[in-house]
Structures are given as structure tokens and as C-alpha cells.
Amino acid sequence: MKKLDWYILKKLLITFVFVVGMFEVIICVLDYADKNDDFIKNELSLEQIWQYYITFIPFIAGLLTPITVFIATVFVTAQLAAKTEIVAILASGVSFRRMMLPYLMGALLIGFASFYLNSYVIPDANKFRISFEYEYLKDPFYNTDKHIHLKIAERDSLEDYIYMYRYDVRRDVGNSVTIETVHGTKLIEKVTARQIEWNDESETWNLKRWQNRKIVNQKEIITEGDDLDTLLNLSPADFGNKERIWETMTMTELNKYIKLQKSRGADDVHIFQVEEYIRYMSPFTVIVLMSIGVIVAARKSRQGTGFQIALGFVIAFAFIITFVLARAIAEADSMNTMLSIWMPNIIFACVAALLYKTVPR
């Protein structure tokens, strides 16, 4: 790598860290001012608050990485252009494409670091952050779902399904329960119960006022009783608060959960797939936005670097709007999930290609 590459890469990384730090300070101060009343009301110690913000800071950094990379790129490139350094680089025989090499290296470095942090480090930190928010900052969660249907097992050619009218997460009790075992389209066994209750000690489910109807050799055998302990591929966590739960899952946990929910025929699988695709998309977003940043700011402007930085903020705002719309479309499941999530990258990659034709040679 030449000295020029190190020069640009060093300025880019230092500016990126500075921009991230600046945004972190502003956001943390505003967040603390907003939540200070809750901290006081719950009598939280400085140690608890500090531990919360230790996990909050990397979450915000991961969330803002693509935009902060873009802002840092525009700032660095605009400074180089204002000092006529880019003109000197191009006049020395270095092509614009070659000049972009250190930017690409910076984008790859930041992009893959961001992917690793968002996939494995930040989700572990989010486990504490989100549990803290629901314990001290938000209202308690109550499961209001009714008519719950889940596929809980698949063995050989048999499939097990469970139905509950309602599940109370405070007592871990379900009402009006039906467990069915089917073979193809034939019902083999059906268990009904007035209630189903979770036993923490034995980690089993207890059926209350149950009845079992089973088909054996084309004959129906009926048994019933007051209490029956049974093992099910089900736990109280399956009925807990799933809001933002994907933020607490590492990539490995997320893939396992998506596979489990697909096997159960759950209707919210696409929500978790949105998170999966966003994590894969983010490194490419960094590359696309950095390319646009270089192209936009490379030309020396009579209005000065302030105009180019302002233009950079406008483009960053446009990307945020596009990404929010794309995510909303994906979560609404109104079009292909992967295509929806990748749409901002596709659109702005085309913008980058068009802008590239206007760069100084």
C-alpha cells in the first residue's frame, strides 16, 4: 500500500471514529434527559445506569454505522478537494478509480467489523439493555393473543399441534387447550384440557381436567383424569414478549429461531427474516454510501466544503427515508422480504453509478 493510500485511509478511519463519538455523546445526553425521571422513580444507582449505557452505546453505534461512514467520507473528501489535493492526485496520473481504493478498503474494514458486532457482540449486550428497559422504563408485558395455534413436534410421519384460547404469562397458565396428533390428513389422537400449567421444578406441563381420545385399530379409546404431567416441545418463553426479541439474538440464534418458527408454521417468521437480511445488507450499504460520498465530495465546490457536507446530509436523509419505507414494506409482508430490504442498496447503487459519470478525471 502506498503512502497516499495510508494517508486517506487514516484520515477516513479517524474521522469515522470522531463522527460516531460525536453522535454517541449527543444521543446519550438526550436519552438520559428523557429517561432521567424514570431512573429517579425506580431509584436506580449510578452503577445500574452506567451498565445500561455501556450496552446502549454499541447499539447506537451499530445502528448509525452506515450513515456515520457516509458523513465521514463526505467530510474527508471535501477537505481533500478544498485543499486541491484531489486535483494533484489526478494530475499525477492516478485514476479516480485507483484513488477510491483506500476508501474501498476502509468500507470493507468497517463493514465487516460492523457485521460481526451486529451479529454476535451487540445482540448479547441487547439482552441486558432490553430487559432493563422493560423492567424499569416500560409498562409490564401482558400476552393479549387469543386462539393460539402452534406446531410443536414432527416425528416420522406424525405431527403434533397445540391450540390454546389464551395464555396468561403472569401465571404461566393456558386455557381451553387442545393437543392433536395427525398423520397426513387423519387425526390419530386428540387431548383436550381445561387448563395447562407450567411446572418450573420438573420443567413439564400439567394438564387439568383432561380427556384423551385415541384411534387404535379403527376403534376410539377414551381416557380422562384431573391431572396429567406431560413433556411438550414448548416453554413459557414461546408466549413471552417477542417485541424486539430479534435484537437480542446472535446470528446463530436467529437462524435457529427462524428454522423453529418455520417448522411450527408461525405467521411472524418474516419479521425475524427482516432482521437477518438487514444484518447481511449492512456491509454492502457501507460500501454503497461510501462510494456516493466520495463521488459527491470529490469535486471542488465554489460554495466551499459546507455545501458538500450539507449535500451529504441530504443524501443521508434520503437513504434513511428509503430504508424506513423498505423495512415497513418488508415487515408488512406486502412484497418479497429480501427484495424489500435490499431495495435501498439497489436504488443507491444505481445513483452511485450515475454520479460516477460526472466525477473529475
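A.B. asks: How do you make sense of the packing of aromatic side chains when you look at a structure like this?
C.D. replies: A ring pair, where both rings are aromatic, is described by two values, the distance of the centres and the angle of the planes. Applying the stated criterion across every chain, the model contains 22 aromatic pairs. For the pair Phe39 and Tyr52, a centre-to-centre distance of 6.4 Å together with 70 degrees between the ring planes defines the contact as edge-to-face. Here the residue Phe39 occupies a position in helix H1 (residues 3-41), and Tyr52 occupies one in helix H2 (residues 46-82), the gap between them amounting to 13 residues. Among the aromatic residues, ring-to-ring pairing joins Tyr32, Phe39, Tyr52, Tyr53, Phe56, Phe59, Phe128, Phe132 and Tyr136 into one connected group. Over the aromatic face of Phe59 sits the side chain of Arg129, whose NZ or CZ is 3.8 Å from the ring centroid.

A.B. asks: How should a nonpolar patch on the surface be read in this particular structure?
C.D. replies: Residues Leu101, Leu104, Met105, Leu108 and Phe112 make up a contiguous nonpolar surface patch of about 420 Å² in total accessible area. Inspection of the secondary structure puts Leu108 in helix H5 (residues 101-137). Looking at Leu108, the relative accessible area reads 35%, which means it is partly exposed.

A.B. asks: Could you clarify how one ought to interpret the packing of H5 against helix H7 (residues 269-297) in this entry?
C.D. replies: For any two helices packed against each other, the geometry comes down to the angle between their axes and how far apart the axes lie. At their nearest, the axes of H5 and H7 sit 9 Å apart, and the two run at 150 degrees to each other. Accordingly, the angle class assigned to the pair H5 and H7 is roughly antiparallel. Relative to H7, H5 is oriented so that their crossing is right-handed. Facing Tyr103, Leu104, Gly106, Ala107, Leu108, Gly111, Phe115, Asn118, Ser119 and Pro123 of H5, the residues of H7 in contact are Arg279, Tyr280, Pro283, Val286, Ile287, Met290 and Val294. The class makeup of the residues in the contact of H5 with H7 is 12 nonpolar, 4 polar and 1 charged.

A.B. asks: Whenever I open this one, the pattern of salt bridges confuses me. Can you help?
C.D. replies: When their charged atoms lie close together, side chains carrying opposite charge are able to pair. Following the criterion strictly, the structure yields 17 salt bridges and no others. The salt bridge partner of Asp124 is Lys127, with a shortest N-O separation of 3.2 Å. Of this pair, Asp124 and Lys127 both sit in helix H5, 3 residues apart, roughly one helical turn. Overall, Asp124 belongs to the partly exposed group, its relative accessible area being 43%.

A.B. asks: Can you help me understand the packing of H2 against H5 in this one?
C.D. replies: Look at H2 against H5: their axes get within 7 Å of each other, and the N-to-C directions meet at 155 degrees. The orientation of H2 with respect to H5, classified from their angle, is roughly antiparallel. H2 and H5 meet at a crossing whose hand is left-handed. Considered class by class, the residues forming the contact of H2 with H5 number 15 nonpolar, 10 polar and 2 charged.

The rules behind these values
Residues take numbers from 1 onward in each chain, read along the sequence in its written order. The model is predicted, so local features are restricted to residues of pLDDT at least 70 and side-chain atom pairs to those at 80 or more, both for listing and for counting; the totals for chains, interfaces and linings are taken over all residues. Excluding hydrogens and water, the side-chain figures rest on all heavy atoms present in the structure. Two aromatic rings from Phe, Tyr or Trp, using only the six-membered ring of Trp, form a pair when their centres are within 6.5 Å; if the ring planes differ by under 30 degrees the pair is stacked, by over 60 it is edge-to-face, and anything between is tilted. Strands here mean DSSP runs of E at least two residues long; helices mean DSSP runs of H or I at least four residues long; both are numbered from the N terminus. Ring-over charges, as used throughout, are those where CZ of Arg or NZ of Lys falls within 6 Å of the ring centre and within 35 degrees of the ring normal. Patch definition: residues above 30% relative accessible area lacking any salt bridge, with like charges linked at up to 9 Å and the nonpolar side chains Val, Leu, Ile, Met, Phe, Trp and Tyr linked at up to 5 Å. Per-residue and other accessible areas were derived by the Shrake-Rupley procedure at a 1.4 Å probe size, with only the shown protein chains allowed to occlude residues. In the sections that follow, a salt bridge refers to a side-chain nitrogen of Lys or Arg positioned within 4 Å of a carboxyl oxygen of Asp or Glu. Throughout this description, buried means an accessible area under 20% of the type-specific maximum (1.4 Å probe, protein chains only), exposed means over 50%, and partly exposed covers the range between. Angles shown run from 0 to 180 degrees and are taken between the N-to-C directions of axes, each axis being a line fitted to C-alpha atoms and, for helices, limited to the stretch in contact. Should an angle fall under 35 degrees it is called roughly parallel, over 145 degrees roughly antiparallel, and 65 to 115 degrees roughly perpendicular, with every other angle called oblique. Should the near helix be turned counterclockwise from the far one by less than a right angle, the crossing is left-handed, whereas a clockwise turn marks it as right-handed. Residue contacts are counted whenever heavy atoms from the two residues lie within 4.5 Å of one another. Here the term charged refers only to Asp, Glu, Lys and Arg, the term nonpolar to Ala, Val, Leu, Ile, Met, Phe, Trp, Tyr, Cys and Pro, and the term polar to all other amino acids, Gly among them.

These results come straight from atomic positions and should not be treated as a statement about function.
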